[in-house]
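Structural characterization, general
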Amino acid sequence: QVQLVESGGGLVQPGGSLRVSCAASGFTFSNYAMSWYRQAPGKERELVAGITSAGSSTNYADSVKGRFTISRDNAKNTVYLQMNSLKPEDTSMYYCKVRKFIPTLGFTDYWGKGTLVTVSS
């Protein structure tokens, strides 16, 4: 029973910073790559950042490069997204995701319920 629980969202002013967290359970966390996605009202869900199982490689959407940093602590089964220089267009529900291969079924995505980040003055 995979569980992903996001936290740390809230209201922040433009130019400010926020760190959101995702606590994972129900699987061997250190064996899986993790990702952060976001979705604003009326828009498609988009990939924000990804990190490999050991944290040796990361990738980012062009819109957040240089501002956001994804990291993980495998001892705590937690993945983080540090968001700096926030803009109003970053306002979204932020979701944590893991992709797992299930025999006979294939690749299956597991999602948290999300944490809301609002950037406004």
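First, a word on scope: everything that follows refers to the structure included in this document. Here the residue numbers are simple positions, counted from 1 along each chain's written sequence. Confidence filtering applies because this is a predicted model: local features only for residues at pLDDT of at least 70, side-chain atom pairs given and counted only at 80 or more, and all residues used for totals across whole chains, interfaces and linings. Hydrogen atoms and water are omitted, and side-chain values are computed over all heavy atoms in the structure.

Pairing between strand 9 (residues 92–102) and strand 10 (residues 106–111): 6 bridges, direction antiparallel. Residue pairing for strand 10: K97 is matched across the bridge by W111. Here, any two strands with at least 2 DSSP bridges between them count as paired. Here a helix means four or more residues in a row that DSSP labels H or I, a strand means two or more in a row labelled E, and each is numbered from the N terminus. Adjacent in sequence and paired antiparallel, strand 9 and strand 10 are bridged by 3 residues, among which T104 carries a positive phi angle near 75°.

By the element assignment, R72 lies in strand 7 (residues 68–73). Residues adjacent in sequence count toward polar contacts only when both atoms are side-chain atoms; beyond that, a polar contact is any pair of N or O atoms within 3.5 Å, and within protein one must be able to donate a hydrogen and the other to accept it. Separated by 2.8 Å, the side chain of R72 and the backbone oxygen of Y32 make a polar contact. At 3.3 Å, the side chain of R72 and the backbone oxygen of S53 are in polar contact. In what follows, residue pairs with any heavy atoms lying within 4.5 Å of each other are defined as contacts. The residues contacting R72, other than those within four sequence positions of it, are F29, S30, Y32, A33, M34, I51, T52, S53, G55, T78, V79 and Y80.

Turning our attention to unusual backbone geometry. A positive phi angle, close to 50°, is found at N77, a residue other than glycine. For N77, the location among the structural elements is in the loop between strand 7 and strand 8 (78–83). Think of it in three bands: with a 1.4 Å probe and only protein chains considered, a residue is buried below 20% of the maximum accessible area for its type, exposed above 50%, and partly exposed in between. Judged by relative accessible area, N77 falls into the partly exposed class, the value being 27%. In this structure, S85 is a non-glycine residue whose phi angle is positive, near 50°. The exposure class of S85 is partly exposed, given its relative accessible area of 41%.

Distances and angles like these do not, on their own, reveal function.
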